[in-house]
Amino acid sequence: MITFQVKTESRNHLYKPSAAQVGAIRCGMQTYEMDVNSLKSAMQYGRTTQPAILSTQGFVSQQVFIVDVDNTDTLRTVKENKQISKKSGICPNIIVRTFSSTQENQKHHLVFVTDKPVRSLEKRNRLQKALTELFAGDVACNDVSRIFFGGNLIYFSQSAWYLIDADIKKLIGGDVA
């Protein structure tokens, strides 16, 4: 089973945190060694996650990539994104419903895990952008320091498949060290 580092908080949330809570959440987040099942559990119980590992010098690595699907102009349903996944061969590890999701507007996060850490910021940025474009995600959420609030329901999860170098090359159109 693949494990990875990701920043998350230890507090569960039943509702989307308010803007006033974000600073305290950021300060309370710690880096944990997780697997897909432990990340799924954290997200399902509303824990905020920061996929990128950062230091005072900047980007260190990232193995978890999250696409935020909440733009009402291009909002795809979970079913539509699962069909895109099947067609493209790029399968998420987790699909989680966000707190602001409704039956009419199925806002969700698609969570992808790579088989090894991405250590190049350029490669990270290209992969995040490619996943966001493929699944019609919110481009405002591509920033390396972005945090993602958890949700309250897991639509889908699997821990048998990860993004490997061949998938990444296919997505970003070539190799980046």
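Since the model is a prediction, treat every value here as computed from it, not as a measurement.

Enquirer: Tell me about the overall build of the chain, and name the residues and values.
Expert: Tallying secondary structure elements over the chain gives five helices and eight strands in all. The helix and strand sequence of the chain, counted from the amino end, reads β-α-β-α-β-β-β-α-β-β-α-β-α. For the chain, whose C-alpha radius of gyration is 15 Å, the value lies close to the compact-globule estimate of 16 Å for 177 residues. Expressed as lengths along the three principal axes of its C-alpha atoms, the size of the chain is roughly 40 × 40 × 30 Å. A buried classification covers 47% of the 177 residues belonging to the chain. For the chain, the proportion of contacts with a sequence separation of at least 24, taken over those separated by at least 6, is 78%. Here the chain has roughly 8,800 Å² of accessible surface; of this, 49% comes from carbon and sulfur atoms.

Enquirer: Describe in detail the nonpolar core, supporting the description with residues and values.
Expert: By size, the foremost hydrophobic cluster in this structure holds 18 residues, and its most contacted members are Phe-112 and Leu-131. Where this core is concerned, the elements lending two or more residues are β5 (58-69), β7 (108-118), α4 (121-134) and α5 (165-172). Sequence-distant contacts of Phe-112, defined by excluding residues within four places in its chain, comprise Gln-63, Val-64, Phe-65, Val-67, Ile-90, Cys-91, Pro-92, Asn-93, Leu-131, Phe-135 and Leu-163. Phe-4, Val-64, Phe-148 and Ile-154 belong to the second-largest nonpolar core, a separate cluster that totals 17 residues.

Enquirer: Please give an account of the sheet that holds β7 that cites residues and values.
Expert: Taken in spatial order, the five strands of this open sheet run β4-β5-β7-β6-β8, and their pairing is antiparallel. Two strands close off the open sheet at either side, each with one partner strand: β4 (52-55) and β8 (151-157). Averaged over all neighbouring strand pairs, the angle between strand axes comes to 30°, with direction disregarded. Two elements, strand β6 (residues 94-98) and β7, share four bridges in a ladder whose sense is antiparallel. If you follow Val-96 over to β7, its bridge partner there is His-109. Contacting β5, β6, β7 and β8, helix α3 (residues 78-88) crosses the sheet at an angle of about 30° to β7.

Enquirer: Go over α3 with me, naming the residues and quoting the values.
Expert: Of the positions making up α3, those classed as buried are Val-78, Asn-81, Ser-85 and Ser-88. One side of α3 carries all its buried residues, which in axial view fall inside an arc of 95°. Of the exposed residues in α3, those oriented more than 90 degrees away from the buried face are Lys-79, Lys-86 and Lys-87. In the core, the buried residues of α3 are packed alongside β5, β6, β7, α4, β8 and α5. Two residues or fewer past α3, Gly-89 is found with a positive phi of approximately 80°.

Enquirer: Please give an account of the pairing of β4 that cites residues and values.
Expert: One ladder, built from four bridges, connects β4 with β5; its direction is antiparallel. If you follow Ser-55 over to β5, its bridge partner there is Gly-58. Connecting β4 to the antiparallel partner β5 that follows it, the hairpin turn spans two residues.

Enquirer: Give me the side chain of Asp-167: which residues, what numbers.
Expert: Locating Asp-167 in the fold gives a position in helix α5. Among buried charged residues, Asp-167 stands out as having no salt bridge; its nearest opposite-charge side chain is Lys-170, 5.4 Å away. Look past the residues within four positions of Asp-167 in its chain and what remains in contact with it is Ile-90, Trp-161 and Tyr-162.

What counts and how
- Residues numbered from 1 in each chain as written.
- Predicted model: local features only at pLDDT ≥ 70, side-chain atom pairs only at ≥ 80, totals over all residues.
- Heavy atoms only, no water.
- Helix = DSSP H or I, 4+ residues; strand = E, 2+ residues; numbered from the N terminus.
- Rg over C-alpha atoms; globule rule 2.2 N^0.38 Å.
- Buried < 20%, exposed > 50% of the residue type's maximum accessible area, 1.4 Å probe, protein only.
- Contact = heavy atoms within 4.5 Å.
- Areas by Shrake-Rupley, 256 points an atom, 1.4 Å probe, with all protein chains shown as cover.
- Core = buried A, V, L, I, M, F, W, Y, C linked by side-chain atoms within 4.5 Å.
- Pairing = 2+ DSSP bridges.
- Axes fitted to C-alpha atoms, helices over the stretch in contact; angles between N-to-C directions.
- Arc of directions from axis to C-beta.
- Lys, Arg positive; Asp, Glu negative; His and termini not counted.
- Salt bridge = Lys/Arg side-chain N within 4 Å of Asp/Glu carboxyl O.

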